Structures are given as C-alpha cells and as structure tokens.
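Working through the structure, step by step
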Amino acid sequence: MKKRQFLTTLAVAGALPATARVAHAPPAARGPALLTVTGAIAKPNRGPFDPVSDQMMHKQKLGFDKAHAFDFAMLTALPARQIKPTLEYDGKPHTLRGPLLLDVLKAAGATPPDGGKIVLRAVDGYAASITVAQARAQRYIVATHMDGAAMALGGLGPLWAIYEADKVPEMAKKPVQERFGSCPWALYHIEV
C-alpha cells in the first residue's frame, strides 16, 4: 500500500469513531463553568469531583462521581423565559430572563419524578430544597439576566434560581421579604 493512501485511510478510520462519540456526547463547557448539576443525571460532560479544582464544593463538603457543567453560553443557548417579580431588595418589579430550571435539568439528562428533590446551592453555601412539582408549578427559571443585562457576581448573579412569586397566589399573599427563601442567588450547584 502506498504511504499516502495508508495515511489517508488511517486518518479517516480514526476520525469516524471520534466524530461519532462527539455527536453523542453532551458538549463540554468552553468558558468557565458557572453551574454544575450533579446527582441523578444521564448526560455528564465532565469528570468526578476533584478536591483541588472544585474548592468551593470541597469546602461545602460536596462530592460526586459525574456532573454536567454549564458555562454562560450553554445556559443562554437554552430557550429563555422572562418573568417580572417584585423583588425584596427594593420592592419593585424587575425583568429576569433565563431558561426554565427543568430545561436545565433536562439538558443535563435529569428526569426526576414530580416528588423528586432538587437542591439549589449558592456560592455562600446557602441551600434550598424544592420538589420537581414545585419547580414545574411555579415555573422556576435559572436567571442569567436582570433588566436586560447579564447579572454579575457580587450582585445577585451570575445565576439566580427564581420564580415569579407575584403570580403564585399563596406566595403573593406573603410580605415580599418572605417570598424568595427557596431562591438562592449566586447559584452555582444543583443536586438532583
């Protein structure tokens, strides 16, 4: 066999399985991971917990065998929803935009039952637990933008798990300061 023909055949044969694997594997984050989903997921795109590179999780005593990491581009590529809740910080309505929480879980390959628990964790360690049924009924989003601008770390972002409390009758009756206990801002980890 001629050398050029052999190398071409070898290159084509080597490329086909890699292409097939890439087509079926979830995309890896290209930018810094902003959100890591762990637990009952079927589409991991990163390796297991690493106590060196996962320092925040290590300090919060978390661990996992598999995870799906999302960067900003991956989250904003999902279909976005817009909500306009009155926020406790200034008592005014603000426009928040981002994908539905359940769409984020679906992208990670998580399909928990309605009674399944979702733990939402913020960078400061604050954690809120909600059910899948609650996330669906209250239409939680993972907000990436507020009032048209990407949310910054140090404010309420870069991600915020939130719902439109004004449109949930049992929550709308409560004072605005009592509506968002299950909505951690500076969200960085979800456990399914």
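A few points on the structure. (Residues numbered from 1 in each chain as written. Predicted model: local features only at pLDDT ≥ 70, side-chain atom pairs only at ≥ 80, totals over all residues. Heavy atoms only, no water.)

**Here we look at the side chain of Thr36**
Relative to the elements of secondary structure, Thr36 occurs in strand 1 (residues 35-38). A residue is classified by how much of its surface remains accessible, and Thr36, at 5% relative accessible area, is buried. In this structure Thr36 touches Met57, Ala67, His68, Ala69, Tyr188, His189 and Ile190, once residues within four positions along its chain are discounted. (Helix = DSSP H or I, 4+ residues; strand = E, 2+ residues; numbered from the N terminus. Buried < 20%, exposed > 50% of the residue type's maximum accessible area, 1.4 Å probe, protein only. Contact = heavy atoms within 4.5 Å.)

**Section: the side chain of Arg121**
Here Arg121 shows up in strand 5 (residues 117-122). For the buried Arg121, no salt bridge is present, and the opposite-charge side chain at shortest range is Glu191, 4.2 Å distant. Within the local environment of Arg121, its side chain forms a polar contact with the side chain of His189, the two groups lying 2.8 Å apart. (Lys, Arg positive; Asp, Glu negative; His and termini not counted. Salt bridge = Lys/Arg side-chain N within 4 Å of Asp/Glu carboxyl O. Polar contact = N/O pair within 3.5 Å; in protein donor to acceptor, adjacent residues only side chain to side chain.)

**Structural notes on the packing of aromatic side chains**
Given two aromatic rings, one states the distance between the centres and the angle between the planes to describe the pair. For the structure on display, the rule yields four aromatic pairs. Ring plane angle 80° and centroid distance 5.9 Å describe the contact between Phe49 and Phe64, whose orientation is recorded as edge-to-face. In this pair, Phe49 is assigned in the loop between strand 1 and helix 2 (55-59) and Phe64 in the loop between helix 2 and strand 2 (67-70), connecting sequence segments 15 residues apart. Take Phe64: its relative accessible area is 10%, and that puts it in the buried class. Centre to centre, the rings of Tyr140 and Tyr163 are 5.0 Å apart; their planes meet at 35°, and the pair counts as tilted. Of this pair, Tyr140 sits in the loop between helix 5 (132-137) and strand 7 (141-143) while Tyr163 sits in the loop between strand 10 (160-162) and helix 6 (169-172), and the two are 23 residues apart along the sequence. For Tyr140, a relative accessible area of 0% gives the class buried. Here Tyr163 falls in the buried class, since its relative accessible area comes to 1%. (Phe/Tyr/Trp six-rings, centres within 6.5 Å; stacked < 30°, edge-to-face > 60°.)

**Digging into the sheet that holds strand 11 (residues 187-191)**
Reading across the sheet, the five strands line up as 2-1-11-5-6 and stay open at both edges, with mixed pairing between neighbours. With partners counted over all chains shown, the strands left at the sheet margins are strand 2 and strand 6 (127-131), one partner each. Strand-to-strand, the axes of this sheet are offset by a mean angle of 20°, without reference to chain direction. Relative to strand 6, strand 5 runs antiparallel, the two being bridged by five bridges. Each bridged residue has a counterpart across the sheet, and for Leu120 the counterpart in strand 6 is Ala128. (Pairing = 2+ DSSP bridges. Axes fitted to C-alpha atoms, helices over the stretch in contact; angles between N-to-C directions.)

**Brief notes about the pattern of salt bridges**
One pass over the full model with this rule turns up three salt bridges. When the shortest N-O distance is used, the salt bridge between Arg46 and Asp54 registers 2.8 Å. For Asp54, a relative accessible area of 8% corresponds to the buried category. We note a salt bridge from Arg179 to Asp166, for which the minimum N-O separation is 2.7 Å. With a gap of 13 residues between them, Arg179 in the loop between helix 6 and strand 11 and Asp166 in the loop between strand 10 and helix 6 connect regions that are remote in the sequence. Given a relative accessible area of 11%, Arg179 falls into the buried group. Given a relative accessible area of 30%, Asp166 falls into the partly exposed group.

**Notes on a nonpolar patch on the surface**
A surface patch of nonpolar side chains, amounting to about 260 Å² of accessible area, comprises Met56, Val123 and Leu153. Its location among the elements puts Met56 in helix 2. Given a relative accessible area of 38%, Met56 falls into the partly exposed group. (Patch = residues over 30% accessible without salt bridge, like charges linked within 9 Å, V, L, I, M, F, W, Y side chains within 5 Å. Areas by Shrake-Rupley, 256 points an atom, 1.4 Å probe, with all protein chains shown as cover.)

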